[in-house]
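Chain by chain, the residues:
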Amino acid sequence: MRKLFSFLLICFGATMLHAQRPAVRGLFEQMPDSLLPLVNAQARQALTHAYVLGTDALVRDVMNTEVVLDTLGEDFMQLRTSPVSTLQLRLLHTTDSTTLIALVESVEANGSVSSIRFFNDRWTEQHWLDFPMPTVRQFVGDDADRDVAAQLEALPLISIQAEGNAPVFTLRLSLSPLDEEARRKAPRQAPTLRVRWDGNQFRMPMP
């Protein structure tokens, strides 16, 4: 009986902890306008409301550009802010039961390039958090053709894609800076690496 009581107490505690965690929807709606100046709070609420209702989650920003909420889960969301740009929010839960927000912005223009920033759940930027940005050699390996590596190192375009079902980020090195001759020596697909959040820090590389 005592073991059963202890088990139920643990389950109850885990349930309460999960219930207290902020969801990405509320954090997106509360995002400071300075981080997404073309999509105000009213428009953000309209997007999430439409998505939950199962209708087209689409608004026009102040520049009359179509903004679409593609994905909205408990810990992850993706917003298409223009035909060539996206914004992702990925919640990162820590071992001390706090929540961090990873904000990934990507632009597709002759090769995708991304930036990543981190905030707490009050939208204060967390400059201390170290996200590992790999070198070109880590992407292509030490045996890569020297001309290929040199051209990629001259203009390293790295995109970051947060995964929706796990605190994992896929990093992809664009091959668009290569000239025609170097492309023939390069891998057919853009090299990728994966980074995982373990509750305290980021771990890289992953297979």
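Residues numbered from 1 in each chain as written. Predicted model: local features only at pLDDT ≥ 70, side-chain atom pairs only at ≥ 80, totals over all residues. Heavy atoms only, no water.

Student: Mind laying out the overall build of the protein, listing which residues take part and the relevant values?
Tutor: Regarding its fold elements, the protein presents 6 helices and 10 strands. Burial status across the protein gives 42% buried among its 207 residues. A separation of at least 24 residues holds for 42% of the contacts in the protein among residues at least 6 apart in sequence. Carbon and sulfur atoms provide 53% of the accessible area of the protein, an area that totals close to 12100 Å². (Helix = DSSP H or I, 4+ residues; strand = E, 2+ residues; numbered from the N terminus. Buried < 20%, exposed > 50% of the residue type's maximum accessible area, 1.4 Å probe, protein only. Contact = heavy atoms within 4.5 Å. Areas by Shrake-Rupley, 256 points an atom, 1.4 Å probe, with all protein chains shown as cover.)

Student: Summarise the environment of Ile160; cite the residues concerned and give the values.
Tutor: Note that Ile160 resides in strand 7 (residues 158-162). Here the alpha-carbon distance between Ile160 and Arg194, two residues 34 residues apart in the chain, equals 9.4 Å.

Student: Go over the confidence of the model for the protein with me, naming the residues and quoting the values.
Tutor: Mean pLDDT over the protein stands at 90; residues scoring 70 or higher make up 89%. The low-confidence segment residues 3-19 (pLDDT under 50) makes 2 contacts with residues lying over four places distant or belonging to another chain. (pLDDT = per-residue confidence, 0-100.)

Student: A description of the sheet that holds strand 6 (residues 112-120) should follow, citing residues and the corresponding values.
Tutor: One open sheet holds the 6 strands; their spatial order is 1-2-3-4-5-6, and the pairing between them is antiparallel. Looking at the sheet topology across the chains shown, the edges are occupied by strand 1 (58-60) and strand 6. Across this sheet, the average inter-strand angle for adjacent strands is 20 degrees, counted without regard to direction. As paired elements, strand 5 (residues 99-108) and strand 6 share 9 bridges and run antiparallel to each other. Residue pairing in the sheet places Val107 in a bridge with Val113 of strand 6. The sheet strands contacting helix 3 (residues 41-53) are strand 1, strand 2 (66-72) and strand 3 (76-82), and the helix crosses strand 2 at an angle near 50 degrees. (Pairing = 2+ DSSP bridges. Axes fitted to C-alpha atoms, helices over the stretch in contact; angles between N-to-C directions.)

Student: Account for the packing of aromatic side chains, with residues named and values stated.
Tutor: A full pass over the atoms with the stated rule returns 7 aromatic pairs. With a centroid separation of 5.5 Å and an interplanar angle of 45 degrees, the aromatic rings of Phe118 and Phe202 are classed as tilted. Of this pair, Phe118 sits in strand 6 while Phe202 sits in strand 10 (residues 202-206), and the two are 84 residues apart along the sequence. Phe202 shares its class with Phe118; the two are buried. Judged by centre distance (5.0 Å) and plane angle (75 degrees), the ring pair of Phe131 and Phe202 falls under edge-to-face. Of this pair, Phe131 sits in the loop between strand 6 and helix 4 (136-140) while Phe202 sits in strand 10, and the two are 71 residues apart along the sequence. Given a relative accessible area of 9%, Phe131 falls into the buried group. The rings of Phe118, Phe131, Phe169, Trp197 and Phe202 are connected pair by pair, giving a single aromatic cluster. (Phe/Tyr/Trp six-rings, centres within 6.5 Å; stacked < 30°, edge-to-face > 60°.)

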